[in-house]
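Structural features, examined
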Amino acid sequence: MNIKGLDYNTKRKPLLMPEYGREIQKMVDYAATLPNKTDRQRCAETIVKLMITKVPQLRENSNYEQTLWDHLYLMSHKQLDINWPYDVAEAEKLLAKPAPMPLPSRSDHVHLRHYGRLVEKLFERLKAMPAGAERDELARLTAGQMKRDLANWGHGSMDDERVASDLARFTDGKIQLAPGQLRPTRPEADYRPDPQRRKKRK
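Everything in this summary refers to the structure shown in the same document. Since this is a predicted model, take the numbers as computed values, not measurements.

Our focus in this paragraph is helix H4 (residues 116-128). Owing to its 3.6 residues per turn, the α-helix brings residues three or four apart onto one side. Here H4 is 13 residues long and its end C-alpha atoms lie 19 Å apart, about the 18 Å a rise of 1.5 Å per residue gives. Every buried residue of H4 is listed here: Gly116, Val119, Glu120, Leu122, Phe123, Leu126 and Lys127. Down the axis of H4, the sector holding all buried residues measures 155°, keeping them to one side. Counted as exposed and oriented over 90 degrees from the buried face of H4: Leu118, Lys121 and Ala128. Of the surrounding elements, those touching the buried residues of H4 are helix H5 (133-153) and helix H6 (160-170).

Here it is in structure tokens:
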């Protein structure tokens, strides 16, 4: 339906900074047409004060004022001739699209999917560490993480012998722990479902 006299958004130019709204954009367009530089300056400063009310979360950034003036510069299509309080030469970088993320290479492939990349990195760290209390503590934490991973993948199965064997094998024999030395980082009972939680409310 097309009603004569109504102005539809579909017929308007797209906004460069839609977060500020069309009224702010109109103010910026008007400021750029003012013949007097003093008036343009005063108008620009007023617009910036209004812009922060539209996007108040910008105040959380330490350089939010710089960002506001950068946005104003972009919204004016670089046509606003005023004394800019900040250097806006780098403003266009705000509109730059982020670089595409590289695809994982073969070297990034996770060989032990049930343990994951984090545990693989812990194995490498343990192999490079000298013997001592720090390595023993990291080995204990790694074993606890391995047990949790096995619980997630094995539906509650936490085999101490398997964890001890895997820990020795994947650290090239550097870490030798007996199954009895393995302790979870939290009580094993925490991994078991609580029957009380399954009771229906009366």
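So, about the side chain of Gln41. Position of Gln41 among the secondary structure elements: in helix H2 (residues 37-54). If sequence neighbours within four positions are ignored, Gln41 has contacts with Ile82 and Asn83.

With that settled, consider the pattern of salt bridges. Under the counting rule described, the total for this entry stands at eleven salt bridges. Between Arg42 and Asp39 there is a salt bridge whose closest N-O contact spans 2.7 Å. With a gap of three residues between them, Arg42 and Asp39 both fall in helix H2, about one helical turn apart. A salt bridge links Glu92 to Lys78; the shortest N-O distance between them is 3.0 Å. Placement of Glu92 in the loop between helix H3 (64-75) and H4 and of Lys78 in the loop between H3 and H4 is noted, with a sequence separation of 14 residues between them. Given the relative accessible area of 46%, Glu92 is considered partly exposed. Taking relative accessible area as the criterion, Lys78 reaches 40% and is therefore assigned partly exposed. Salt bridges sharing partners connect three or more residues here, namely Glu124, Lys127 and Asp172.

What follows concerns helix H1 (residues 21-33). Considered for burial, the residues of H1 that qualify are Ile24, Gln25, Val28 and Ala31. For H1, the angular spread of buried residues about the axis comes to 120°, placing them on one side. Relative to its buried face, H1 has exposed residues pointing more than 90 degrees away, namely Glu23, Tyr30 and Thr33.

Conventions used here
All residue numbers refer to positions counted from 1 along the written sequence of the respective chain. Side-chain atom pairs in this predicted model are given and counted only at pLDDT of 80 or more, local residue features only at pLDDT of at least 70, and totals for whole chains, interfaces and linings cover all residues. Water and hydrogen atoms play no part in the side-chain values, which are based on all heavy atoms of the structure. What counts as a helix is a DSSP run of H or I of at least four residues, what counts as a strand is a run of E of at least two, and both are numbered from the N terminus. Helix span is expected to be 1.5 Å times the residue number reduced by one. Remark: exposure states derive from per-residue accessible area (1.4 Å probe, protein chains only) relative to the maximum for the residue type, with buried under 20%, exposed over 50%, and partly exposed in between. This arc is taken over the directions from the axis of the helix to the C-beta atoms. Any two residues whose heavy atoms approach within 4.5 Å are treated as being in contact. Any carboxyl oxygen of Asp or Glu within 4 Å of a side-chain nitrogen of Lys or Arg constitutes a salt bridge here.

That's the geometry; what it means functionally is another story.
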